[in-house]
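Per-entry structural report
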Amino acid sequence: METKLVIGLDFGTDSVRGLLLNPVTGEELASGVSYYKRWKKQLYCNPEKDQYRQHPLDYMESIDEVFRKLFANERAANVVAIATNTTGSTPVAVDANCRPLALSTEFSENPNAMFLLWKDHTATKEADEINVVSKKWEVDYTKYCGGIYSSEWFWAKILHINRTDDQVFQNAYSWMEQSDWIPAYLCGTDNLAAVKRNRCAAGHKAMWHESFGGLPSAAFLNAVDPTFAALSNRFYSDTYTSDQVFGQIAPYFIDTFGFNPATIITVGAIDAHHGAVGAGIAPYTLVKVIGTSTCDMLVVPASDQLPLVEGICGQVDGSIDPGMVGFEAGQSAFGDMFNWFKKLLLEPTRAIIGDQLSPELATKLDDAFFRYVTMEASQLPVTESDLVFTDYHNGRRTPDADFSLHASAYGFGLATQAGHFFKALVEAAAFGSRAILERFRAFHIPIENVIATGGIPTKSPYVVQVLADVMGVNIHVIDSEQTCALGSAIFAATACGIYPDVQEAKKAIAAKIVRTYSPDPEKQKTYETLYNRYKKLAHD
């Protein structure tokens, strides 16, 4: 009998990554990455307006490219299950057949008809209005999502488009999260009622909860804004976890790549949630998926009956790890801050040199930049008079979402060099991580372990050591940069019956700890002073 294989697909901010896995041995047989071509050119984006949009064709074309890379050795027929995760909240307006409006000729170049990426903050005003109505309503629909509804999330983004683009408003039959649309596309689903909405996005981004009977009521949404009336009864009430089957693969993929028609597609999820599972999340272990931003996740048994934690991105029964209550927090900028700094310093050089900058030298500048500033920063002492930044370059996600905030700094002068700035930015990222840790502890939730995963923890020991020193805890780094795709593979292996549940699948497939960073007691003391300065800057 042929070996049964599974695929995990991770749709990140810049690319989709795929893993082809033997779920019994845990062996990675192939991997592939495809970068979104339109996104790479920053089409349909306007950073000055906090507008970040992605065309559905980027996802569709990248799926094909990744499958071509995975199946160089013609293994497609052996794949029994595919699981996916995506960024969240990244919704899109769709027609009655689940088709994003941007796939029609009329809307093909309209950014408002495309996916509104998680980092799109054009809906700040709308989020504020949702919060005002929710606090006056007989049911506070924000109670399970930290008490503050965010401009990054589902309803705020829909309302913003309803108000600013009448053509999209008139033509949108409903809206779907990217994490629901991708499985629907892989299955060829053209019936909105047949779409199995995932618990992660519904609970953490759309205020879904069993105690509410599902989503916020139509009366509540209409009280926020009457444009929601046009969408009444076009959403959903039931949600599903990622260990459940969404459907079977579409004929297009069978014909193009040779998949078995019985190949199942699982219910989707948010990327970092699958990343936490791929990292082997266990009760009271905080998993930090660190990339352009961070998503910090915690799971606890439902029987522990923990309090509602204010100012986080939600706590939802069955999200992240089925059978547990999943808690989500995070920072809206982490690696993005470092990339901003790199662009700030290198862009003038590139512009001045112009055509004289050879491809080889351009590559050297890109590759060597972080090595250089890391070396400078790591050689600097940590003192109580150091430069301090806040980490609000893209607003604040947690604790207490506020995307009107801007980054600030204190303590630089004529002697400040690039290394000082980079050191302060790394520390700012760590201070933001500590603020999240302290918010959980303020509600008497013990954090027993911290696991860091993603590209930065594996590539930058300096950043992880600063995290340990500032947070005052051991930081465990694992042996995979692809924990999101790995987590999806775990769900795929569970949904198709290779494992009885996610816990058993994690034992065989999840990443393993390869290094632990412990706090430096002397630096910890100094960071107390700097952290207090950070908090003062944050509240000024």
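As annotated in an unreviewed UniProt entry, the protein carries the name Ribulokinase and is attributed to Spirosoma terrae.

For the protein, the helix and strand inventory stands at 18 helices and 19 strands. The principal-axis extents of the C-alpha atoms in the protein amount to approximately 65 × 60 × 60 Å. Here the analysis covers contacts within the protein between residues at least 6 apart in sequence; of these, 74% occur between residues at least 24 apart. For the protein, the computed accessible surface area is about 21100 Å², with 51% contributed by carbon and sulfur atoms.

Let us now look at the sheet that holds strand S2 (residues 15–21). Strands sit in the order S3-S2-S1-S5-S10-S9 across an open sheet of six strands; the sheet is mixed. Pairing within the sheet leaves two strands with one partner each, and these edge strands are strand S3 (28–35) and strand S9 (245–248). For this sheet, the mean inter-axis angle between neighbouring strands, taken without regard to orientation, is 20 degrees. The pairing of strand S1 (residues 5–11) with S2 spans six bridges and is classified as antiparallel. The residue of S2 that forms the bridge with Ile 7 is Leu 20. On the sheet, helix H2 (residues 56–70) packs against S1, S2, S3 and strand S5 (79–86) and is oriented at approximately 150 degrees with respect to S3.

Looking now at a nonpolar patch on the surface. Taken together, the side chains of Trp 340, Leu 344 and Leu 345 make up a nonpolar region of the molecular surface, amounting to roughly 270 Å² of accessible area. The residue Leu 345 is located in helix H11 (residues 335–353) in this model.

With that settled, the discussion passes to helix H4 (residues 154–164). The element H4 is largely enclosed, with a buried count of nine among its eleven residues. Among the residues of H4, those classed as buried are Phe 154, Trp 155, Ala 156, Lys 157, Ile 158, Leu 159, His 160, Ile 161 and Asn 162.

Attention now goes to the pattern of salt bridges. One pass over the structure, following the stated rule, counts 25 salt bridges. With a shortest N-O distance of 3.0 Å, Lys 135 and Asp 140 are connected by a salt bridge. Using a relative accessible area of 23% as the deciding quantity, one classes Asp 140 as partly exposed. With its nearest N and O atoms 2.9 Å apart, the salt bridge here joins Arg 163 to Asp 225. Placement of Arg 163 in helix H4 and of Asp 225 in the loop between helix H8 (218–224) and S9 is noted, with a sequence separation of 62 residues between them. Judged by relative accessible area, which is 9%, Asp 225 ranks as buried.

Within the largest apolar cluster, 60 residues are counted, with the highest numbers of intra-cluster contacts made by Leu 298, Phe 327, Phe 338, Phe 422, Phe 431, Phe 440 and Ile 475. Broken down by element, this core gets its largest block of residues, twelve residues, from helix H13 (residues 418–442). Both domain 2 (271–331 + 433–524) and domain 3 (335–429) contribute no fewer than three residues apiece to this core. Setting aside residues up to four positions removed in sequence, Leu 298 forms contacts with Ile 281, Tyr 284, Thr 285, Leu 286, Ile 320, Val 325, Gly 326, Phe 327, Phe 440, Ile 445 and Ile 447. Core analysis: the second largest hydrophobic core is formed by 45 residues, Leu 20, Met 60, Trp 181 and Leu 192 among them.

Positionally, His 274 belongs in helix H10 (residues 271–278). Here the side chain of His 274 touches Ser 242 through a polar contact of 3.0 Å, side chain to side chain. If we skip the residues at most four places from it in the chain, His 274 touches Thr 84, Asn 85, Ser 242, Ala 269, Thr 483, Cys 484, Gly 487, Ser 488 and Phe 491.

Before going further, it helps to spend a moment on the packing of aromatic side chains. A full pass over the atoms with the stated rule returns 38 aromatic pairs. On the basis of an interplanar angle of 80 degrees and a centroid distance of 4.9 Å, the ring pair of Tyr 252 and Phe 253 is categorised as edge-to-face. Of the residues examined, Phe 253 reaches a relative accessible area of 1% and is grouped as buried. Measuring from centroid to centroid gives 5.7 Å for Phe 412 and Phe 421, while their planes differ by 45 degrees, and the two rings are tilted. Taking relative accessible area as the criterion, Phe 421 reaches 22% and is therefore assigned partly exposed. Taken together, the ring pairs in this structure connect Phe 11, Tyr 36, Tyr 59, Phe 67, Phe 71, Phe 115, Trp 181, Tyr 185, Tyr 252, Phe 253, Phe 257 and Phe 259 into an aromatic cluster. Above the ring of Tyr 52, the side-chain terminus of Lys 119 is found at 4.7 Å from the ring centroid.

Under the local residue numbering, the UniProt record ascribes the feature "domain: Carbohydrate kinase FGGY C-terminal" (unreviewed entry) to residues 287–495. Taken end to end, residues 287–495 has its terminal C-alpha atoms 23 Å apart, with 44% of it in helix and 17% in strand.

What follows covers H10. Summarising burial for H10: eight of the eight residues are buried, a large majority. Looking one or two residues beyond H10, the residue adopting positive phi is Gly 280, at roughly 80 degrees.

Okay, the domain arrangement of the protein next. For the protein, the assigned domains read domain 1 (5–267), domain 2 (271–331 + 433–524) and domain 3 (335–429). Between domain 2 and domain 3, the C-alpha centre-to-centre distance is 26 Å. Contacts between the two partners involve 19 residues from domain 2, matched on the other side by 17 residues from domain 3. Summed over both sides, the interface of domain 2 with domain 3 buries roughly 1500 Å², with 59% coming from carbon and sulfur. For the interface between domain 2 and domain 3, the tally reads one salt bridge. Arg 439 is paired through a salt bridge with Asp 400; the nearest N and O atoms lie 2.9 Å apart. At the junction of domain 2 with domain 3, the criterion picks out eleven residue pairs in polar contact (both at pLDDT 80 or more). Only strand S14 (324–331), H13 and helix H15 (461–471) provide two or more residues apiece to the side of domain 2 that touches domain 3. In the side of domain 2 that touches domain 3, the residues fall into nine nonpolar, eight polar and two charged.

Calculation notes
Residues numbered from 1 in each chain as written. Predicted model: local features only at pLDDT ≥ 70, side-chain atom pairs only at ≥ 80, totals over all residues. Heavy atoms only, no water. Helix = DSSP H or I, 4+ residues; strand = E, 2+ residues; numbered from the N terminus. Contact = heavy atoms within 4.5 Å. Areas by Shrake-Rupley, 256 points an atom, 1.4 Å probe, with all protein chains shown as cover. Pairing = 2+ DSSP bridges. Axes fitted to C-alpha atoms, helices over the stretch in contact; angles between N-to-C directions. Patch = residues over 30% accessible without salt bridge, like charges linked within 9 Å, V, L, I, M, F, W, Y side chains within 5 Å. Salt bridge = Lys/Arg side-chain N within 4 Å of Asp/Glu carboxyl O. Buried < 20%, exposed > 50% of the residue type's maximum accessible area, 1.4 Å probe, protein only. Core = buried A, V, L, I, M, F, W, Y, C linked by side-chain atoms within 4.5 Å. Domains from an automatic or database assignment. Polar contact = N/O pair within 3.5 Å; in protein donor to acceptor, adjacent residues only side chain to side chain. Phe/Tyr/Trp six-rings, centres within 6.5 Å; stacked < 30°, edge-to-face > 60°. Lys NZ or Arg CZ within 6 Å of the ring centre and 35° of its normal. UniProt positions renumbered as here; feature names shortened; annotations may be inferred. Buried area = accessible area lost by both parts, 1.4 Å probe. Nonpolar A, V, L, I, M, F, W, Y, C, P; charged D, E, K, R; others polar.

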